Amino acid sequence: MANVHFEGVTKRFGDVAAVNNLTLEVADKEFLVLVGPSGCGKTTALRMLAGLEETTEGTVSIGSRVVNDVPPKDRDIAMVFQSYALYPHMSVYDNMAFGLKLRKIPKDQIKERVGRAAKTLGIEMLLDRKPKQLSGGQRQRVAVGRAIVREPSVFLFDEPLSNLDAKLRVQTRAEISKLHQQLQTTFIYVTHDQVEAMTMATRIAVMKDGVLQQCDTPQAVYSTPANIFVAGFIGSPSMNFFEGTLEESDGKLLLNSKAFRIQIPENKRKAYGAYSGKLVTLGIRPEDIHDAQFVPPDVQSASISAKVDITEMMGNEIYVYLVSGGTSFVARLDPRTSARVGGEVKLAVNTANLHLFDRTTELAIT
């Protein structure tokens, strides 16, 4: 079993808590992604698991063993760093085999492991080359291969795709997901890119200022964010937020903001009714705002209008930046939209996917 458990883990640098009371369980063979902005503590948590940082408080366990005082080399983990950290004077084969040679693994086993890993990663033809003869994507695969040959219980990835161009990031992202399916080993992956998190993870752990905000499946984190931070961080473009007041009128519950006034669906009245008369924050994702002429079927919508500020053609859709009542927001519209800069556009908001948050706690109202 290669489950990982953080129990009340804190890491302080002086008076600053880089990780604050982290409790998190990672199941055997799971692909968990730690995601959040720079400085949120995700890499520090990974380094504590790897043994590269000491914990200030709490325990870190791999399987049934607490590893706080276990040296990194004895933790049965392998780590892939943001920088490839390849030896420039060694061939690809020697880079991948180096750790095994230090552990006195027999030569025939080393050859078999390196060959198998190279075949898995599609780099068999590169084994005689030096790192300077490789592209960025090939170097990253060598770094991953160096981790694979160790056959660890847990793989750790610290933003491994940051140095790749956009197209290669997409390709390598798919390769790492496929690799996880093939190896059936626990993967813990750190990134600031929420697209990587959404596309690769079994579960996503969202962090902010050293504190775990939410840990759930990608779909659950997207559909039911725990608070305003998670709602705004997950999704691209980010969720739109509007400050407003919930009001009762003619037996209906309405959200009145500077930008618009819309009715809350009947099936959400019970949940939101306790906040009637109170200030709240309304969240609407850009993909839930449609051109009124091209509303998908079966969408329960409310009509609003706004002035078009900027448009960005993406091919299969258009990002339209809008202004209404002095409030700016963005919509992902059908490319057939007639929205033009400087003009007015009628929109339909999918009220089934509205999100309401408490203004004081910033927690989701459910």
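Residues numbered from 1 in each chain as written. Predicted model: local features only at pLDDT ≥ 70, side-chain atom pairs only at ≥ 80, totals over all residues. Heavy atoms only, no water.

**A closer look at the overall build of the protein chain**
If you tally the helices and strands in the protein chain, you get nine helices and 20 strands. If you line up the protein chain on its principal axes, its C-alpha atoms span 80 × 45 × 35 Å. A buried classification covers 49% of the 366 residues belonging to the protein chain. Sequence separation of at least 24 residues holds for 65% of the intrachain contacts in the protein chain that already meet a minimum separation of 6. Just so you have it, the protein chain exposes about 17400 Å², and 49% of that area is on carbon and sulfur atoms. (Helix = DSSP H or I, 4+ residues; strand = E, 2+ residues; numbered from the N terminus. Buried < 20%, exposed > 50% of the residue type's maximum accessible area, 1.4 Å probe, protein only. Contact = heavy atoms within 4.5 Å. Areas by Shrake-Rupley, 256 points an atom, 1.4 Å probe, with all protein chains shown as cover.)

**So, the sheet that holds strand S9 (residues 203-208)**
Spatially, S6-S7-S8-S3-S9-S10 is the arrangement adopted by the six strands of the open sheet, whose pairing is mixed. Only two strands of the sheet have a single partner each, and these edge strands are strand S6 (77-80) and strand S10 (211-216). The sheet shows a mean angle of 15° between the axes of neighbouring strands, taken without regard to direction. Pairing between strand S3 (residues 31-35) and strand S8 (residues 186-191): five bridges, direction parallel. Each residue of the ladder has a partner; that of phenylalanine 31, found in S8, is phenylalanine 187. The sheet strands contacting helix H5 (residues 166-183) are S3, strand S7 (154-158) and S8, and the helix crosses S8 at an angle near 160°. (Pairing = 2+ DSSP bridges. Axes fitted to C-alpha atoms, helices over the stretch in contact; angles between N-to-C directions.)

**Let's talk about the sheet that holds strand S1 (residues 4-13)**
Taken together, the four strands give an open sheet; going across it, the order is S2-S1-S4-S5, and neighbouring strands pair in antiparallel fashion. For this open sheet the edge positions go to strand S2 (16-26) and strand S5 (65-66), each flanked by a neighbour on one side alone. In this sheet, S5 lies alongside strand S4 (residues 57-62) in antiparallel orientation, the contact comprising two bridges. Bridged to isoleucine 62 within S5 is arginine 65. Sitting on the sheet, helix H1 (residues 42-50) touches S1, S2 and S4, and the angle it makes with S1 is about 115°.

**Looking at the side chain of threonine 337**
Within the secondary structure layout, threonine 337 lies in the loop between strand S18 (327-333) and strand S19 (344-350). Contact partners of threonine 337, with chain neighbours within four places excluded, come to Asp291, Phe294 and Ile318.

Taken by themselves, the reported measurements are silent on function.
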